[in-house]
Amino acid sequence: MVRYLYVATCGARKIWDVNPNAPEYVEARKAYVGPLSKKTIEYCEKFYPDSYVILSAKYGFLLPYEKIKNYNAVCSKNPLITVSELKEQARTKYLNGVPLINYDKVVVLGSTCYCNWVKEVFGEDKVECPLAGLPIGKMLKKLNSLFEHKGKI
């Protein structure tokens, strides 16, 4: 049986930008409120609730319930994590009792930058990037269409 890992991606807009009274630490799945990040997390929670992580430009691979605090970093501009740190996390972080690196296929729901990071960690042959290269509007449209048709990538 092929084990799929889904990767939602972070975004610049976070809960603290819209709610200054938000707690200092918030679960990763609730921290990202930008349209694309929010939609990729919603998609993963609906179709793959036990098989996804969130890729943060500061924290790296986050389990949905891990708590984070506010930060300012974006993959393509000012990342605060390195590929070597991501590789280490993939070896030492577990999801469903399995190290991330041991998943057979990895589907990245995000931009080319995040997709390239994941390819460097897991290898090109294991990674699919169905949204990479699309403008944000088309990414959102594709995700919305999949929701409406109860489809899976």
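Residues numbered from 1 in each chain as written. Predicted model: local features only at pLDDT ≥ 70, side-chain atom pairs only at ≥ 80, totals over all residues. Heavy atoms only, no water.

### Structural notes on the side chain of Thr40
Part 1 of the reasoning: With respect to the secondary-structure elements, Thr40 resides in helix α3 (residues 35-47).
Part 2 of the reasoning: By relative accessible area, which is 0% here, Thr40 ends up buried.
Part 3 of the reasoning: A distance of 3.0 Å separates a polar atom in the side chain of Thr40 from the backbone oxygen of Ser37.
Part 4 of the reasoning: Beyond its immediate stretch of four places on either side in the chain, Thr40 contacts Ala8, Thr9, Leu109 and Leu143. (Helix = DSSP H or I, 4+ residues; strand = E, 2+ residues; numbered from the N terminus. Buried < 20%, exposed > 50% of the residue type's maximum accessible area, 1.4 Å probe, protein only. Polar contact = N/O pair within 3.5 Å; in protein donor to acceptor, adjacent residues only side chain to side chain. Contact = heavy atoms within 4.5 Å.)

### Some remarks on the pattern of salt bridges
Part 1 of the reasoning: One pass over the full model with this rule turns up seven salt bridges.
Part 2 of the reasoning: Across the salt bridge formed by Lys69 and Glu24, the nearest N and O atoms sit 3.5 Å from each other. Highlighted residues: Lys69 in strand β5 (residues 67-69) and Glu24 in the loop between α1 (15-18) and β2 (25-27), separated in sequence by 45 residues.
Part 3 of the reasoning: For Lys69, a relative accessible area of 31% gives the class partly exposed.
Part 4 of the reasoning: For Glu66, the salt bridge is made with Lys93, and the minimal N-O distance between the two is 2.8 Å. Of the two residues, Glu66 sits in the loop between β4 (60-62) and β5 while Lys93 sits in the loop between α4 (83-92) and β6 (94-95), which places them 27 residues apart along the sequence.
Part 5 of the reasoning: Its relative accessible area of 17% is what places Lys93 among the buried residues.
Part 6 of the reasoning: One network of salt bridges, with partners in common, ties together Glu27, Arg29 and Glu45. (Salt bridge = Lys/Arg side-chain N within 4 Å of Asp/Glu carboxyl O.)

Limitation: the analysis is restricted to geometry and does not speak to function.
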